[in-house]
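# Structural characterization, general
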Amino acid sequence: METAPASSWRRQNASYNLVGNKCEKCGAVYFPSRIICKNCGRESKLREHKLSGDGEVYSYTKITAPSDTFKDDAPYTIGMIKTAEGPFIEGHVVDNGKDVKIGAKVRTVLRRMYADGEEGLIHYHYKFELI
Amino acid sequence: MRDVAIIGVGLTKFGERWEVGLRGLMAEAGLAALQDAKISSDEVDMVYGSTMASGRFVGQEHVAAMLADQLGFNNVPATRIENACASGGSALRQGYIACASGAVDMVVVGGVEKMTDVTTSEATTALGGAGDQEWELAQGITFPGLYALMARRHMHEYGTTEEQMAAVAVKNHENGHKNKYAQYRKLITVDDVMKSKVIADPLKVLDCSPITDGAAVVVLAPLDKAKKYTDTPIKIVSSAQASDSLGLAQRESLTEIKATRIAADDAFRQAKLGRGDIDLIEVHDCFTIAEIMAMEDLGFYKKGQAAKAIADGETRLNAKLSVNTSGGLKACGHPVGATGVKQAVEVVWQLRGEAGDRQVKGAEVGMTHNVGGSGATAVVHILKRVN
Ligand SMILES: [Zn+2]
């Protein structure tokens, strides 16, 4: 499935720089960003907030039956990462020869995610690297 | 609100139905339901139709009008309900509300999915839409991958094993073996599951519900008019639904489907019944781990205790509590938009004593549990035989 260029563009601050947001009223941190704070509703005061990219593996799986978009990449590992700032993020865990396990420390790296065909856009995205 | 009963049910054979398309499946189940209810088409006041992704699977949207037309319900209001894999249960709930409110009398609720016209990877993409498209599917996280993340964490926190998960599939195939509508009627062993192809570890292909064509239809009427049509009306004693974050990452826990817990608590409150009153349940076992979590989240077992109980046989047919007598999503099949309605069809057959070889002895109260996505929607109904 191709991703509309505008769709990738809209998310680039999150997908390249790990920018979510934080509610100045209650302190809740969100990734991806929300328009309305879950705690504060219409009183929300959400401001951009960049996550450090540090975290640990909370759960993981190796995908061997992918969707069309990722069919040339399988098998690959997906992690549920608990970030240092609190939010959980799901993403690729890059293979750097280390064993993935629950509790393993990770940091984010920017990597190629997928391409829309031979001549289409190449999408880049954060992934997680085991430290 | 007035009492509502199911007065007729119909189901297609589930499986790879290459010979029949979307409209044929709907008509097959619909006709069976009309014959079962012994009503004529012009007695129907309204239709709810459910599919999850007919647009992706066969390019057809607007299926409720198609259902109404195929069954000859001239010009009645017809509305599609979509809530991913919980579309069917959600449609049943909307039909219940419409009838209970007094706005209409006779409501037909039909669920359908025609999934086998596309390749497996196309189906995987379509089903991925049940989760968060931007932050899960577009990151390469498949739908089985989401449940694999839950399974791994459940194993970590509670010591749940792959063999215990496999036991869920073995039990559901035992029941499917006895169901002529089931996609898989073959008995399997724990060893078969353990040796099957890995999809998203720890989940293997025999931990996963299959890709299925099928349709299910029920006919609802006010309870006080139901006796006109049937000697065994099945009363809907509760109808509950809850939602949660679309994405798994935003949930409070990976080892609980909170929407299930909320809907179940509400359903038991409405019915004024306890867990011990339930004779059978059709639970949403899209993956084996999902049945384990469902039995905990519905309140039948404490967190971390369902896996062992299931592996010990407590939820086999006519054991302590009969679970997924139809074979569940695993063995009966999972045509996503039809599943929630099919669960009600199975419970109705059981409560009427019409389930043949897989009959739960003395069944009086049954329950259905239908989940959308990785838990963003849960729908629970409790049905009871009235004499
Ligand atoms: Zn806030």
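Everything in this summary refers to the structure shown in the same document. Model, not experiment: these values are computed from the prediction. (Residues numbered from 1 in each chain as written. Chains lettered and ligands numbered in written order. Predicted model: local features only at pLDDT ≥ 70, side-chain atom pairs only at ≥ 80, totals over all residues. Heavy atoms only, no water.)

### A word on the nonpolar core
Residues and elements named next belong to chain B. If you look at the biggest cluster of nonpolar residues, it comprises 76 residues, and the most contacted ones within it are Tyr147, Met295, Phe300 and Ile382. In terms of residue count, the dominant contributor to this core is helix H6 (residues 143-158) (8 residues). Residues within four places of Phe300 in sequence aside, it is in contact with Phe268, Arg275, Ile278, Ile281, Met295, Leu321 and Met367. (Core = buried A, V, L, I, M, F, W, Y, C linked by side-chain atoms within 4.5 Å. Buried < 20%, exposed > 50% of the residue type's maximum accessible area, 1.4 Å probe, protein only. Helix = DSSP H or I, 4+ residues; strand = E, 2+ residues; numbered from the N terminus. Contact = heavy atoms within 4.5 Å.)

### Considering the side chain of Ser374 of chain B
Assignment of secondary structure puts Ser374 of chain B in the loop between strand E11 (365-372) and strand E12 (377-385). Each residue touching Ser374 of chain B, except ones within four places of it in the same chain, is listed here: Phe143, Leu146, Tyr147, Met150, Leu246, Leu248, Arg251 and Ile257 of chain B.

### A closer look at the sheet that holds strand E4 (residues 107-113) of chain B
All names here are of chain B. Pairing is mixed in the open sheet, where 10 strands are placed in the order E3-E2-E4-E7-E1-E8-E12-E11-E9-E10. The two strands at the open ends of the sheet, each matched to only one other strand, are strand E3 (78-81) and strand E10 (322-323). Summarising the sheet, strand E1 (residues 4-11) and strand E7 (residues 214-222) pair through 7 bridges and their orientation is antiparallel. Within E7, the residue paired with Ile6 across the bridge is Leu220. (Pairing = 2+ DSSP bridges.)

### Structural notes on the pairing of strand E2 (residues 46-50) of chain B
A regular strand places its side chains on the two faces of the sheet in alternate fashion. Residue and element names in this part refer to chain B. Among the 5 residues that make up E2, 5 are buried, leaving the element largely enclosed by the rest of the structure. Covered by surrounding structure in E2 are Met46, Tyr48 and Ser50 together with Val47 and Gly49, the residues of both alternating faces. Sheet topology places E2 next to E4; 5 bridges connect them, and they run parallel. Within E4, the position partnered with Ser50 by the bridge is Gly111. Where E2 lies against E3, 4 bridges are found, and the strand directions are parallel. Residue pairing for E3: Gly49 is matched across the bridge by Arg80.

### Details of the pattern of salt bridges
Residue and element names in this part refer to chain A. Counted under the stated rule, the structure contains 31 salt bridges over all chains. A salt bridge links Glu56 to Lys105, with the shortest nitrogen-to-oxygen separation between them at 3.0 Å. A residue pair is termed long-range when its members are at least 10 positions apart, and Glu56 in strand E4 (residues 54-63) and Lys105 in strand E7 (residues 105-115) qualify at 49 residues. Its salt-bridge partner being Glu129, residue Arg107 comes within 3.2 Å of it at the nearest N-O pair. Here Arg107 is found in strand E7, whereas its partner Glu129 is found in strand E8 (residues 122-130), with 22 residues between them in sequence. Judged by relative accessible area, which is 38%, Arg107 ranks as partly exposed. On the basis of relative accessibility, which here comes to 16%, the residue Glu129 falls in the buried class. When salt bridges that share partners are traced, they join Arg107, Arg111 and Glu129 into one network. (Salt bridge = Lys/Arg side-chain N within 4 Å of Asp/Glu carboxyl O.)

### Description of the coordination of the zinc ion
Residues and elements named next belong to chain A. Within the protein, the atoms that donate to the zinc ion are Cys23 (SG), Cys26 (SG), Cys37 (SG) and Cys40 (SG), at distances of 2.2 to 2.3 Å. Geometry at the zinc ion is tetrahedral, judged from the 4 donor atoms that bind it and their angles of 100 to 114 degrees at the metal. Within one chain, the residues serving as donors to the zinc ion are arranged as C-x2-C-x10-C-x2-C. Of this pair, Cys23 sits in strand E1 (residues 19-23) while Cys37 sits in the loop between strand E2 (29-30) and strand E3 (46-50); the two residues are 14 residues apart in sequence, bridging distant segments of the chain. Each member of the pair, Cys23 as well as Cys37, is classed as buried. (Donors = N, O, S within 2.8 Å, 3.2 Å for Na, K, Ca; no water. Tetrahedral: all angles 85-135°; square planar, octahedral: opposite > 155°, others 65-115°.)

### Describing the packing of helix H1 (residues 22-37) of chain B against helix H3 (residues 63-70) of chain B
Residues and elements named next belong to chain B. At a minimum axis distance of 9 Å, the contact between H1 and H3 shows a crossing angle of 55 degrees. Here H3 runs oblique to H1, going by the angle between their axes. Crossing handedness for the pair H1 and H3: right-handed. Along its contact with H1, which presents Leu22, Arg23, Met26 and Ala27, the element H3 presents Val63, Met66, Leu67 and Gln70. Broken down by class, the residue content of the contact of H1 with H3 amounts to 6 nonpolar, 1 polar and 1 charged. (Axes fitted to C-alpha atoms, helices over the stretch in contact; angles between N-to-C directions. Parallel < 35°, antiparallel > 145°, perpendicular 65-115°, else oblique. Left-handed = near helix turned anticlockwise from the far one by under 90°. Nonpolar A, V, L, I, M, F, W, Y, C, P; charged D, E, K, R; others polar.)

So yeah, pure geometry; function would need other evidence.
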